[in-house]
Amino acid sequence: MEKILVLDFGGQYDQLIARRVREHHVYAEVKPYNKIALEEIKAEYRGIIFTGGPNSVYDPASPHYDPAILSAGLPILGICYGDQLMAYMAGGEIRNAENSSEYGKIEVTVNPASPLFEGLPETSVCWMSHNDFVSAPPAGFETIATTAKCPCAAMSDEGRSLYGVQFHPEVTHTAYGKRILQNFLFNICRCAGDWNMEDFIEQSVAKYRRELAGKRVLCALSGGVDSSVAAVLMHKAIGDQLVCVFVDHGLLRKNEGDMVESVFRHRFNMNLVRVNAEDRFLSKLAGVTEPERKRKIIGEEFIRVFEDEGKKLGKMDYLAQGTIYPDVIESGKGDASVIKSHHNVGGLPDVIDFEGIVEPLRDLFKDEVRATGLKLGIPEDLVYRQPFPGPGLAVRIIGEITKEKADTLREADAIFREEIANAGLDRSIAQYFAVLTDTRSVGVMGDARTYGYTVALRAVTTDDFMTADWARIPFEVLERASSRITNEVRSVSRVTYDITSKPPATVEWE
Ligand code: XMP
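Position numbers for residues start from 1 in each chain and track the written sequence from start to end. Only residues with pLDDT of at least 70 get local features here, since the model is predicted, and only at 80 or more are side-chain atom pairs given and counted; chain-wide, interface and lining totals rely on the full set of residues. To obtain the side-chain values, all non-hydrogen atoms of the structure were included, while hydrogens and water were left out.

## A few points about the overall build of the protein chain
Move 1: When helices and strands are counted, the protein chain shows 14 helices and 21 strands.
Move 2: Once the C-alpha set of the protein chain is aligned to its principal axes, its extents read approximately 85 × 55 × 40 Å.
Move 3: Whether a residue is buried, partly exposed or exposed follows from its accessible area with a 1.4 Å probe, protein chains only, as a fraction of its type maximum: under 20%, in between, or over 50%, in that order. Taken over 510 residues, the protein chain has a buried fraction of 54%.
Move 4: In this charge count, Lys and Arg are treated as positive and Asp and Glu as negative; neither His nor the chain ends contribute. Charged side chains are reduced to one point each, which is NZ for Lys, CZ for Arg, CG for Asp and CD for Glu. The centroid of the 58 positive side-chain charges in the protein chain is displaced by 4 Å from the centroid of its 74 negative side-chain charges. Strands here are runs of E lasting at least two residues and helices are runs of H or I lasting at least four, both read from the DSSP assignment and numbered beginning at the N terminus.

Written out as structure tokens, the structure is:
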């Protein structure tokens with residue numbers, strides 16, 4: 001199978017580059033520069049991309065690779081630090097740009113005759129983020145792009161198929177970044193582009209079947225997209241060696257527990273243990289109003305529940321998790337190996353003595369995980385499910401949590417979600433839900449005075465959840481939701497819509 005190696009020199013965009021390559025139907029793998037030998041690279045890959053990185057090539061502590069890689073006969077594209085490193089290895093000159101560092105969108109002029117820039121206009125916008133730059137390309141290289149401040153914004157040695165760009169073609173701000181990668185893959189590496197998500201599934205299945213032969217694997221299922229896809233993928237690989245544990249803490253959305261159970265137990269015929277622990281969680285949460293304390297209690301109780309279940313299940317060798325690439329970045333990039341010997345699950349049981357962790361989705365982005373889920377036959381409404389926080393409705397009930405309040409919120413939330421879906425907005429709004437505030441207010445129903453809860457509706461649009469904007473839901477949809485909630489949910493007498501963006505607010509209320 002044709003593969004591209006993304007040789008990681010410590011940049012933040014390594015997996016993004018791999019994903020951009022996969023978008024062209026060419027499989028890409030990220031390997032840290034110090035974890036792969038040149039012989040293996042030569043044997044396994046069709047081309048190489050050197051990533052960026054925060055270092056300066058002249059710094060003795062900066063990451064380097066054996067310069068023989070430039071003569072290995074494989075096409076290479078160096079990006080940012082990778083470009084500077086290529087120049088350095090080939091004898092070029094790199095300088096620190098005291099006054100000419102470039103950040104953000106910069107106009108670049110390219111030589112469209114270069115195979116890397118085929119189809120590009122002479123000038124376009126690229127994304128730059130650098131201090132150092134190549135001040136003189138190495139012998140045998142020519143400059144193929146410039147910017148106002150950068151005399152060599154891209155270089156090439158066509159004879160050896162070596163290319164370097166100072167800017168970042170992998171980020172969407174580079175207008176022709178996609179085309180540049182396409183040119184590298186097809187004009188320069190001569191890839192066929194016949195890889196797809198099914199191949200990923202098949203490769204993973206074969207790999208885990210081999211590596212986990214005879215092992216028992218536990219998967220903590222939350223019903224969210226990531227853990228669901230991970231579980232189904234692992235089940236395809238190892239069948240009944242996989243045991244899924246689904247903890248229903250009583251703070252799930254309406255019908256959610258039953259939906260998860262029916263999909264996994266009945267549709268996929270998986271070994272599923274559903275733990276109905278509502279009483280346990282609610283009694284621990286009784287009287288607690290402080291948000292962080294709620295989260296903590298829920299996290300701890302999860303561990304206790306797993307401890308108890310672990311005792312019943314007997315020895316489990318591995319823990320399978322639905323970690324996806326953005327989680328990996330968030331928790332700090334570690335060793336990219338697939339089965340790790342140590343684990344840190346942010347709350348899952350240390351008490352169960354696992355040999356290791358399996359994270360089959362570790363290299364994928366959310367949309368790739370969804371594509372995998374659909375290919376695996378997971379129903380669309382589960383695959384496109386909006387994110388739901390681990391602590392569940394606990395962070396959407398302000399003040400003390402009781403079963404009555406959770407039931408009230410579940411009903412209001414279900415109505416709001418139904419109305420959003422009826423309006424066809426469920427795929428365009430990233431997250432939408434109801435919050436039960438602790439404010440009561442006076443209302444009038446029939447001739448009687450009421451004094452019920454205030455429900456707040458929250459809906460946001462966002463790409464990454466780091467920032468978010470409140471969704472401009474049509475008034476008619478809000479009106480229908482409000483009218484149904486106040487009519488159908490006893491004890492709610494007022495509905496408001498939250499029009500705060502993040503920042504300064506967060507998506508969740510607690
Ligand atoms: P915030 O409220 O921080 O939420 O703007 C950003 C995204 O993270 C989700 N979220 C959580 N997810 N455990 C989770 O698994 C949590 O404790 C948690 N808190 C917030 C939130 O739903 C939104 O998608």
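## A closer look at the site of the ligand
Move 1: Throughout this document, a residue counts as near a molecule or strand when at least one of its heavy atoms sits within 4 Å of that molecule or strand. Close to the ligand lie Arg295, Pro387, Pro389, Gly390, Pro391, Gln431, Phe465, Lys502, Thr506, Val507 and Glu508, which account for all nearby residues.
Move 2: Glu508 places a polar side-chain atom, nitrogen or oxygen, 2.5 Å from an oxygen atom of the ligand.
Move 3: For the ligand, the protein covers 68% of the area, taking 490 Å² as the surface of the free molecule.
Move 4: When its residues are assigned to classes, the shell around the ligand shows five nonpolar, three polar and three charged. Side-chain atoms alone can form a polar contact between residues adjacent in sequence; in general such a contact is a pair of N or O atoms within 3.5 Å, and within protein one must be able to donate a hydrogen while the other accepts it. Every accessible area reported is derived by Shrake-Rupley at a probe size of 1.4 Å, with residue values counting cover from the shown protein chains alone. Under the scheme applied, nonpolar residues are Ala, Val, Leu, Ile, Met, Phe, Trp, Tyr, Cys and Pro; charged residues are Asp, Glu, Lys and Arg; polar residues are all the others, including Gly.

## Some remarks on the sheet that holds strand 11 (residues 162-165)
Move 1: Here, strands pair whenever DSSP counts at least two bridges between them. If you trace the nine strands from one edge of the open sheet to the other, you get 2-1-3-4-11-10-9-6-7, paired in mixed fashion. What marks the edges here is a single partner per strand, and that holds for strand 2 (27-32) and strand 7 (123-130). Within the sheet, the average angular offset between the axes of one strand and its neighbour, ignoring direction, is 25 degrees.
Move 2: As paired strands, strand 4 (residues 76-79) and strand 11 are joined by four bridges and run parallel to one another. Following the sheet pairing, Leu77 is matched in strand 11 by Tyr163.
Move 3: Throughout, a residue-residue contact means that at least one pair of heavy atoms, one from each residue, lies within 4.5 Å. Throughout, an axis means a line fitted to C-alpha atoms (over the contacting stretch in the case of helices), and angles, computed between N-to-C directions, take values from 0 to 180 degrees. Sitting on the sheet, helix 3 (residues 81-89) is in contact with strand 3 (47-50), strand 4, strand 10 (154-157) and strand 11, with an inclination near 120 degrees to strand 4.

## Here we look at the pairing of strand 18 (residues 431-445)
Move 1: Note: strand 18 against strand 19 (residues 448-461), 12 bridges, orientation antiparallel. Pairing of Arg440 across the sheet is with Tyr453, part of strand 19.
Move 2: Between the end of strand 18 and the start of strand 19, which pair antiparallel, lie two residues, with Gly446 showing a positive phi angle near 65 degrees.

## Points about the nonpolar core
Move 1: With 90 residues, the main nonpolar core has Leu251, Phe264, Leu457 and Ile473 as its most contacted residues.
Move 2: Ranked by residue count, the leading element in this core is helix 6 (residues 225-238), at nine residues.
Move 3: What marks off one domain from the next here is an automatic or database domain assignment. When we break this core down by domain, the ones giving at least three residues each are domain 2 (197-383) and domain 3 (396-497).
Move 4: Ignoring any residue separated from it by four or fewer positions in sequence, one finds Leu251 in contact with Leu282, Leu285, Ile298, Phe388, Pro391, Gly392, Leu393, Ala394, Ile401, Ala406 and Arg410.
Move 5: By convention a nonpolar core is built from buried Ala, Val, Leu, Ile, Met, Phe, Trp, Tyr and Cys residues, the set being connected through side-chain atoms within 4.5 Å. Listed in part, the 37 residues of the second largest apolar core include Cys126, Met128, Ala154 and Tyr163.

## Brief notes about helix 1 (residues 14-22)
Move 1: The element helix 1 is extensively covered by neighbouring structure, given that nine of its nine residues are classed as buried.
Move 2: Inspection of helix 1 places Asp14, Gln15, Leu16, Ile17, Ala18, Arg19, Arg20, Val21 and Arg22 among the buried residues, and these make up the whole buried set.

## A closer look at the environment of Leu38
Move 1: Positionally, Leu38 belongs in helix 2 (residues 38-44).
Move 2: Of the residues examined, Leu38 reaches a relative accessible area of 13% and is grouped as buried.
Move 3: Once the C-alpha coordinates of Leu38 and Ala72 are considered, the two residues, 34 residues apart in sequence, prove to be 8.3 Å apart.
Move 4: When sequence neighbours within four positions are dropped, the list of residues in contact with Leu38 reads Tyr65, Asp66, Ala68, Ile69 and Ala72.

## Regarding the domain arrangement of the protein chain
Move 1: Per the domain assignment, the segments making up the protein chain are domain 1 (3-188), domain 2 (197-383) and domain 3 (396-497).
Move 2: Averaged C-alpha coordinates put domain 1 and domain 2 at centres separated by 37 Å.
Move 3: If you look at the interface, domain 1 gives 10 residues, while domain 2 gives nine residues.
Move 4: Each of two parts loses accessible area, computed with a 1.4 Å probe, when they are put together; buried area is these two losses added. Note on domain 1 versus domain 2: buried area summed over both sides is about 880 Å², and carbon and sulfur give 43% of it.
Move 5: Interface area lost by domain 1 to domain 2 is led by Gln15, Arg19 and Arg22, which between them contribute 54%.
Move 6: We count a salt bridge whenever a side-chain nitrogen from Lys or Arg sits within 4 Å of a carboxyl oxygen from Asp or Glu. Joining domain 1 to domain 2, the criterion identifies two salt bridges.
Move 7: Measuring nitrogen to oxygen at the nearest pair gives 2.5 Å for the salt bridge that ties Arg19 to Asp367.

## Details of the pattern of salt bridges
Move 1: Within this structure, the stated rule accounts for 42 salt bridges.
Move 2: Measuring nitrogen to oxygen at the nearest pair gives 2.8 Å for the salt bridge that ties Asp413 to Arg417. A residue pair is termed a helical-turn pair when its members lie 3 or 4 positions apart in one helix, as Asp413 and Arg417 do in helix 13 (residues 403-422) at four residues.

## A look at the packing of aromatic side chains
Move 1: Here is the rule: rings of Phe, Tyr and Trp (six-membered ring for Trp) pair when centre to centre is within 6.5 Å. Planes less than 30 degrees apart are stacked, more than 60 are edge-to-face, and the remainder are tilted. All told, the structure shown has 10 aromatic pairs when counted by the stated rule.
Move 2: When the ring of Trp470 is compared with that of Tyr497, the centres are 6.2 Å apart and the planes differ by 75 degrees; the resulting orientation is edge-to-face. Within this pair, whereas Trp470 is found in strand 20 (residues 469-470), its partner Tyr497 is found in strand 21 (residues 492-497), the two being separated by 27 residues in sequence.
Move 3: With relative accessibility at 22%, the residue Trp470 sits in the partly exposed group.
Move 4: A residue is classified by how much of its surface remains accessible, and Tyr497, at 19% relative accessible area, is buried.
Move 5: Here the aromatic residues Phe9, Tyr33, Phe50 and Tyr81 are joined through ring pairs into a cluster of three or more.
Move 6: The ring of Tyr453 has Arg440 lying over it, and the distance from NZ or CZ to the ring centre is 4.2 Å. By definition, being over a ring means that NZ of Lys or CZ of Arg is both within 6 Å of the ring centre and within 35 degrees of the ring normal.

## A word on the pairing of strand 3
Sheet faces and side chains relate simply in a regular strand, where the side chains alternate between the two faces.
Move 1: Residues Gly47 and Ile49 line one face of strand 3 and the alternating positions Ile48 and Phe50 line the opposite face, and both faces are buried.
Move 2: Two strands pair when backbone bridges link them, and strand 1 (residues 3-8) and strand 3 are joined in this way by four bridges, in the parallel orientation. Among the inter-strand pairings, Ile4 is bridged to a residue of strand 3, identified as Gly47.
Move 3: Both strand 3 and strand 4 contribute to a ladder of three bridges, which runs parallel. Within strand 4, the position partnered with Ile48 by the bridge is Ile76.

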